[in-house]
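Summary of the model geometry
Listed here are the chains, written in short residue letters.
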Amino acid sequence: MSVRVRFAPSPTGFLHIGGLRTALYNFLFARHHGGAFILRIEDTDQERTVPGAVENIIDMLRWVGLEFDEGPHVGGPYGPYVQSERLELYRQQVHILLERGAAYYAFDTPEELERMRQRQRRAGIAPKYDRFAMRNSFTLPSEEVQRLLADGSPAVVRLAVPMDRDISFDDLIRGRITVHGRDLDDQVLLKSDGFPTYHLANVVDDHFMHITHVIRGEEWIPSTPKHILLYEAFGWEAPQFAHLPLLLNPDRSKLSKRHGDVAVDDFRRQGYFPEALLNFVALLGWNPTADRELFTLEELIAAFDLTKVNRAPAIVDRAKLDWMNAQYLRLLPLDRLARQLQPLLQELGYPDYPLDYLMRAIALLRERVDRLPEIATFGDYLFIPPRSYDWQYFRAHWRDELPQWLEELLPVLEQTEPFTAELLQQQIRQFVEHRGQPLRALVHPLRLILTGKSVGAGLFETMAVLGKAECLRRIRHFLTTELPTAQLHTA
Ligand code: GLU
């Protein structure tokens with residue numbers, strides 16, 4: 001039987017790192033086995049549905065390069081792929097369970113349920129639906145049940161969990177998991193508004209969509225025994241289950257919004273590369289080899305093995321993501337990076353530059369930053385002349401001969417052809433030696449004049465990227481700037 005897996009998000013929010021990891025592991029498993037990767041939208045909790053969430057999930061997965069074989073946006077033989085469009089199917093299926101005695105009607109009002117919970121709290125027992133004390137098919141005469149249903153009284157359908165036996169399943173990552181029926185709640189399957197709960201819809205859909213492997217977060221382990229009971233009651237073969245380890249913050253708290261952004265869209269907007277994010281997320285709970293951390297999607301597909309996924313929680317470490325992104329910044333082709341940088345510069349209101357200029361700017365700085373947008377901020381001087389000079393810092397390198405030297409340097413630079421880092425270094429060295437000075441006597445001030453900053457890439461390389469005309473323009477501008485003489489001379 002060919003592998004079929006699904007990513008089944010509830011559209012209650014935008015795609016976050018945890019969802020991306022689940023989607024990616026499903027994708028890697030499907031591609032590794034030549035199977036199908038399916039998107040199913042689990043929107044049975046209509047009140048919690050967030051507008052735009054489905055679009056965001058699809059867009060973000062497309063951005064990182066995970067394409068679905070079936071789903072609401074691409075179609076497929078087992079649609080519709082949105083649960084709110086499959087309500088009739090769930091109602092039909094729940095009747096099968098009712099007929100078989102695997103499920104039952106319950107008529108309790110919210111107030112009655114609350115009183116039940118209070119009683120249980122007072123008695124010090126875990127809250128759980130008390131099948132034999134409440135108003136349902138077990139406790140009411142069948143004529144009464146029929147009458148209530150015929151009257152249209154609000155009713156839910158609950159799962160009749162067997163209380164006398166264990167329920168077990170084999171998890172591909174965690175091994176055999178067993179719980180006792182008496183520790184499970186009689187889960188609501190169909191709500192009074194006719195909508196199924198997650199549990200019913202999930203099992204019905206996994207069956208009718210021919211899902212072979214359910215790969216999802218560890219938080220769903222407590223639900224799985226209920227799902228197993230449903231498969232048994234329907235007489236269906238259950239898929240195989242694999243529950244992925246929890247994701248934690250570096251302080252071992254549960255990954256959450258409170259610890260900075262976890263939405264994939266935020267990472268995209270901050271200029272992380274999809275390749276880097278995917279590579280980072282792939283290693284949250286699994287590593288193909290101990291000696292490497294950078295993998296292409298093809299390599300991840302080839303190596304993926306569900307049984308090698310860790311059980312221990314994975315720590316989401318932003319510093320590691322930054323490191324990984326920096327590796328990709330050094331590796332990705334310059335023309336692609338330049339095209340990506342262009343709109344960022346536009347947003348900052350910088351002038352338009354040809355792609356080959358941007359490529360040279362990126363090549364100059366990409367070893368020094370983690371993310372592409374930092375080239376526009378850290379390296380702003382490559383795109384706009386310095387707006388001011390750091391006179392404080394200047395003072396340490398100031399000498400009164402400087403303006404004179406700069407006047408004399410102008411024709412030297414004018415004649416430097418080609419305007420390369422090598423030739424510039426040679427010319428400027430000669431220039432200072434001729435005046436009996438060390439190279440740094442001019443290098444520090446020149447850097448400040450040309451970039452406005454005291455740190456950056458090599459001065460001569462920077463000058464070569466800026467080009468002759470711009471270097472001359474910036475030096476001339478400096479020479480017309482009024483010097484804060486008093487400031488420069490205070491000791
Ligand atoms: N709708 C569930 C979620 O939001 C899916 C869990 C599952 O994959 O079964 O995560």
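Quantities reported herein were computed from a predicted structural model and do not represent experimental measurements.

Turning our eyes to something else, we now look at the sheet that holds strand 7 (residues 188-190). Across the sheet, three strands lie side by side as 3-4-7; this open sheet has antiparallel pairing. Sheet topology places strand 3 (103-106) and strand 7 at the edges, where each strand pairs with a single neighbour. For this sheet, the mean inter-axis angle between neighbouring strands, taken without regard to orientation, is 45°. Note: strand 3 against strand 4 (residues 156-159), four bridges, orientation antiparallel. Pairing of Tyr-104 across the sheet is with Arg-158, part of strand 4. Of the strands in this sheet, strand 3, strand 4 and strand 7 are in contact with helix 3 (residues 87-99), which crosses strand 3 at around 105°.

Time to look at the packing of helix 16 (residues 402-415) against helix 18 (residues 440-451). Two elements in contact, helix 16 and helix 18, have axes separated by 12 Å at closest approach and are oriented at 80°. With respect to each other, helix 16 and helix 18 are oriented roughly perpendicular. Across from Leu-402, Trp-405, Leu-406 and Leu-409 in helix 16, the residues of helix 18 making contact are Ala-441, Leu-442, Pro-445, Leu-446 and Ile-449. In terms of residue class, the contact of helix 16 with helix 18 is built from nine nonpolar, no polar and no charged.

In this section: the packing of aromatic side chains. Across all of its chains, the model carries 24 aromatic pairs by this definition. Seen in terms of ring centroids, Phe-169 and Phe-241 are 5.7 Å apart; in terms of plane orientation they differ by 70°. Their pairing is edge-to-face. Of this pair, Phe-169 sits in strand 5 (residues 166-171) while Phe-241 sits in strand 9 (residues 240-244), and the two are 72 residues apart along the sequence. You can call Phe-169 buried: its relative accessible area is 4%. An aromatic cluster is defined as three or more aromatic residues linked by ring pairs; in this entry it consists of Tyr-389, Trp-391, Phe-394, Trp-398 and Phe-478.

Cut-offs and rules
- Residues numbered from 1 in each chain as written.
- Predicted model: local features only at pLDDT ≥ 70, side-chain atom pairs only at ≥ 80, totals over all residues.
- Heavy atoms only, no water.
- Pairing = 2+ DSSP bridges.
- Helix = DSSP H or I, 4+ residues; strand = E, 2+ residues; numbered from the N terminus.
- Axes fitted to C-alpha atoms, helices over the stretch in contact; angles between N-to-C directions.
- Contact = heavy atoms within 4.5 Å.
- Parallel < 35°, antiparallel > 145°, perpendicular 65-115°, else oblique.
- Nonpolar A, V, L, I, M, F, W, Y, C, P; charged D, E, K, R; others polar.
- Phe/Tyr/Trp six-rings, centres within 6.5 Å; stacked < 30°, edge-to-face > 60°.
- Buried < 20%, exposed > 50% of the residue type's maximum accessible area, 1.4 Å probe, protein only.

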